[in-house]
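A closer look at the structure
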Amino acid sequence: MDTKKIFIYGLLAAICFSLWGAWQKDYGNKPNQSQTATVQTKTTNDNNQTVPTLVNPNIIKVAKIPAARLVHVKTDVLDLTIDTLGGNIISAKLPKYPLDTKTPNIPVRILHTNPNKLYIAESGLIGAKDNNKPIQYKITQKQYTISPGQKSLVVNLKGYTAQGLVVTKSFTLTPGSYAVKLDYKINNQSNKSWSGQFYTQIKRKKPKQAGGLFRLHTYTGAAISSPKKPYKKISYSKMKKENLSQNIKGGWVAMQQRYFLSTWIPDQNKLHHYYSHVNDDIYTIGMTNRVNIGAGGQSKFSANFYVGPEVSENLAPLAKGLNLTIDYGWLWVLSVAVFWLMQHIFNFVGNWGWSIVIVTVLIKLVFYKFSEASYMSMAKMRALAPKMKLLKERCGGDKQKMGQATMELYKKEKINPISGCLPQLIQIPFFIAFYYVLIEAVQLRQAPFIFWLHDLSLRDPYYVLPILMGITMFFTQKMTPMSPDPAQQKMMMFMPLIFVVLFASFPAGLTLYWLINYLCSGLQQWYIMRKYERSHKKR
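Residues numbered from 1 in each chain as written. Predicted model: local features only at pLDDT ≥ 70, side-chain atom pairs only at ≥ 80, totals over all residues. Heavy atoms only, no water.

**Things to note about the overall build of the protein chain**
Note the following rule: Per the convention used, a helix needs a DSSP run of H or I reaching at least four residues, while a strand needs a run of E reaching at least two, with both numbered from the N terminus. Any two residues having at least one pair of non-hydrogen atoms within 4.5 Å are treated as being in contact. For every accessible area listed, the method is Shrake-Rupley and the probe measures 1.4 Å; residues are considered covered only by the protein chains on display.
Check the secondary structure of the protein chain and you find 12 helices and 20 strands. Intrachain contacts of the protein chain at a sequence separation of at least 6 include 68% that bridge at least 24 residues. Split by element, the accessible area of the protein chain, about 25,800 Å² in all, is 58% carbon and sulfur.

Printed below as a string of structure tokens:
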């Protein structure tokens, strides 16, 4: 039994090492920031479609954007900066999400214009015969702020091209929403027809990543949606190997990271050409639509841009499959169920820490009878300790003879030694599911629990939970029947210390789950063994 148990603990330890590596990646030091500007031109893909790219891929030059070109737009949940040269969104801050618990007044910034982590949302026009210089838009004011009670905020940019086009680019924002509606109105005031394409795209410098043994961390990269496959990941490595070139009705494109994402959602009733390309470690994904405007004619295009937290209630109404960007990994069904239960409990108790405690207890109650059979088997094996000692004396150092005699004794007493390992096997999927929920669910980001625990998504600053977990694990081990092999006994006794070291860097919420899980298991094991010993003495 102990050999199988050592294997289970070894498997869990390997998973923990992988999670630890991914966790270090997620909370590693970030490079310093500086600002840059980008320039657009056109390139042709495999379908003979024109898509925007960079004139000079070596844009790692600090080029501060003149303040005169910038427009600042604020709502209760968004703080955007728009560059009037091209009318692109070059900065997006989220006032409802502080960067750190120690700096509650500094919001998370998603979009950037610095060379180390360039990340911007672009949209514009590409003419078939134009030089395609970005349009310099005019604006009536530099600051836009939504007022209390105001239903919407509209920012209008107006620009002119050398080909006689008058372009009005409008951004519409609403209170409480992270979605921005983009409307293009194009008026051809020339005496010639104009043909080209309307595009929306997301451009991002590849962030630094490090993977663990099993790469158990949330997805960071691009994604695309189509009617056949509502959610499809397109990793940075895949984007570098080949360009995306696909015609899709409806759909959307996105760039994902832990907790937050940005996405362009076009008209769901129209056909769009989706593309991607990579230049100097800058990854671009977007879509285009053909535009043909006769002399004196007009045309309109619309799209939605979402930049904000990965919250299912926000994403699901915008487009099919967008809520699937909340990446819960390969055990997503279990993670979704766990989070759903946690969310409902949180709505009642108002604390995510207590929600974790209650969900853990509920899970233990669901598997109570199953665990009871396993602990009963352990109790029977513990009662056989004197007989096992006699067998060891009879067999001496003959391990093969000892193994055969042990199995015959188990068979006679109707004991299944493997069943004692099943509670640990059951815990592993829930352990992984909890891990994904804790690192992906933005609701748990910076969620406090009690006293010194101000953020369940970060490690316990004083290591109280890991130490308590190790102590609980140690006493649980003491109740578990041990192998007569001294080497295996020592190995099992070292397991609590190993797990304390591993969990010291894990999020406090995950350690809390493991502590409560072991505490419940230990209490159940103690109760069942004591109950068995009392009934066994009466015989």
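**Observations concerning helix α10 (residues 464-479)**
In plain terms, the rule: A helix's residues, less one, multiplied by 1.5 Å, set its expected span. Only protein chains enter the accessibility calculation, which uses a 1.4 Å probe; a residue is then buried when its area is under 20% of its type maximum, exposed when over 50%, and partly exposed in between.
Taking 1.5 Å per residue, 16 residues should reach 22 Å; α10 reaches 23 Å between its end C-alpha atoms and fits that length. Those residues of α10 lying buried are L465, P466, M469, G470, T472, M473, T476, Q477 and M479.

**Section: the sheet that holds strand β13 (residues 221-225)**
For clarity, the threshold we go by: For two strands to be treated as a pair, DSSP must find no fewer than two bridges joining them. The axes are straight lines fitted to the C-alpha atoms, using for helices just the contacting stretch, and the angles between their N-to-C directions are given from 0 to 180°.
Reading across from one edge, β9-β10-β11-β20-β17-β16-β13-β14 is the order of the eight strands in this open sheet, with antiparallel pairing throughout. The open sheet is flanked by β9 (153-160) and β14 (232-234), the only strands paired with a single partner. Across the sheet, the mean angle from the axis of one strand to that of its neighbour is 20°, orientation sign disregarded. Both β13 and β14 contribute to a ladder of three bridges, which runs antiparallel. Each residue of the ladder has a partner; that of A222, found in β14, is I234.

**Some remarks on the pairing of strand β3 (residues 70-74)**
Where β3 and strand β4 (residues 79-83) come together, five bridges link them in antiparallel fashion. Its bridge partner being in β4, V73 is matched across the sheet by L80. Two successive antiparallel strands, β3 and β4, enclose a turn made up of four residues.

**Focus on the side chain of T284**
As for its placement among the helices and strands, T284 is situated in strand β19 (residues 282-293). Among residues more than four places away in sequence, those in contact with T284 are Q201, I202, K203, M239, Y275, S276 and H277.

**Here's the deal with a nonpolar patch on the surface**
Quick note on the threshold: A patch consists of residues whose relative accessible area exceeds 30% and which take part in no salt bridge; residues with like charges are grouped when within 9 Å of each other, and nonpolar side chains (Val, Leu, Ile, Met, Phe, Trp, Tyr) when within 5 Å. Any Lys or Arg side-chain nitrogen located within 4 Å of an Asp or Glu carboxyl oxygen qualifies as a salt bridge.
On the surface, a nonpolar cluster with roughly 650 Å² of combined accessible area is contributed by F348, V349, W354, I358, V361, L362 and L365. Only α4 (332-349) and α5 (352-366) provide two or more residues apiece to the nonpolar patch. Ranked by residue count, the leading element in the nonpolar patch is α5, at five residues. Here L365 lies in helix α5. The class for L365 is exposed, based on a relative accessible area of 55%.

**Quick notes on the pairing of strand β16 (residues 252-256)**
In terms of burial, β16 is largely enclosed, as five of its five residues are buried. Residues of β16 alternate between two faces, with W252, A254 and Q256 on one and V253 and M255 on the opposite face, all of them buried. The pairing of β13 with β16 spans five bridges and is antiparallel. Bridge pairing in β16 links G221 to Q256. By the bridge criterion, four bridges tie β16 to strand β17 (residues 260-266) in an arrangement that is antiparallel. Note on β17: the bridge partner recorded for M255 is S262. Between the antiparallel neighbours β16 and β17 lie three residues, among them Y259 with a positive phi of about 80°.

**Overview of α5**
Rules: We define a polar contact as two N or O atoms separated by no more than 3.5 Å, with the added condition that, inside protein, one atom must be a possible hydrogen donor and the other a possible acceptor, whereas residues neighbouring each other in sequence contribute only through side-chain atom pairs.
For α5, built from 15 residues, the straight-helix expectation of 21 Å at 1.5 Å per residue is met to within 8% by its first-to-last C-alpha distance of 21 Å. Within α5 the residues assigned to the buried category are W352, G353, S355, I356, V357, V359, T360, I363 and K364. N-cap assignment for α5: the residue whose side-chain oxygen lies 2.7 Å from the backbone N of G353 is N351.

**Here we look at the packing of α4 against α5**
Note the cut-off: Oblique is the label for any angle not covered by the other classes, which are roughly parallel (under 35 degrees), roughly antiparallel (over 145) and roughly perpendicular (65 to 115). Take the far helix as your reference; a near helix turned counterclockwise from it by less than a right angle gives a left-handed crossing, and one turned clockwise gives a right-handed crossing. Under the convention adopted here, Pro, Cys and the residues Ala, Val, Leu, Ile, Met, Phe, Trp and Tyr are nonpolar, Asp, Glu, Lys and Arg are charged, and Gly plus all remaining residues are polar.
Contact geometry for α4 and α5: axes closest at 9 Å, N-to-C directions at 125°. By the criterion of interaxial angle, the relationship of α4 to α5 is oblique. Relative to α5, α4 is oriented so that their crossing is right-handed. Residue-level contacts link F339, L341, M342, Q343, I345, F346 and V349 of α4 to W352, W354, S355, I356, I358, V359 and L362 of α5. A class-by-class count of the residues in the contact of α4 with α5 yields 12 nonpolar, two polar and no charged.

**Some thoughts on the packing of aromatic side chains**
We count it as follows: Pairing of aromatic rings covers Phe, Tyr and Trp, the last through its six-membered ring, and needs centres within 6.5 Å; plane angles under 30 degrees mean stacked, over 60 mean edge-to-face, and all others mean tilted.
The full count for this structure, using the stated rule, is 22 aromatic pairs. Both rings, one in F474 and one in F475, keep their centres 5.5 Å apart while their planes meet at 80°; by these two values the pair is edge-to-face. Classification of F474 by relative accessible area gives partly exposed; the value is 32%. By relative accessible area, which is 52% here, F475 ends up exposed. Of the aromatic side chains, those joined through ring pairs into one cluster are F434, Y435, Y436, F499, F503, F506, Y513, W514 and Y518.

**Some remarks on the confidence of the model for the protein chain**
If pLDDT is low for a region, its predicted coordinates should not be looked at in detail. Selection criterion: On a scale of 0 to 100, pLDDT captures the predictor's confidence in every residue.
With 79% of its residues at a pLDDT of 70 or more, the protein chain shows a mean pLDDT of 82. Confidence over residues 26-44 falls short of pLDDT 50; this stretch has 67 contacts with residues more than four positions distant or in other chains.

**A word on the pattern of salt bridges**
Enumeration according to the criterion identifies four salt bridges in this entry. For D83, the salt bridge identified is with R69, shortest N-O distance 2.7 Å. You can see D83 sitting in strand β4 and its partner R69 sitting in the loop between β2 (50-54) and β3, a full 14 residues away along the chain. Accessibility assignment for this pair places D83 and R69 in one class, buried. Two residues, E122 and K203, come together in a salt bridge whose shortest N-O distance is 3.1 Å. With E122 in strand β7 (residues 119-127) and K203 in strand β12 (residues 194-205), this pair connects stretches of sequence that are 81 residues apart. As far as the burial class goes, E122 and K203 line up, both buried.

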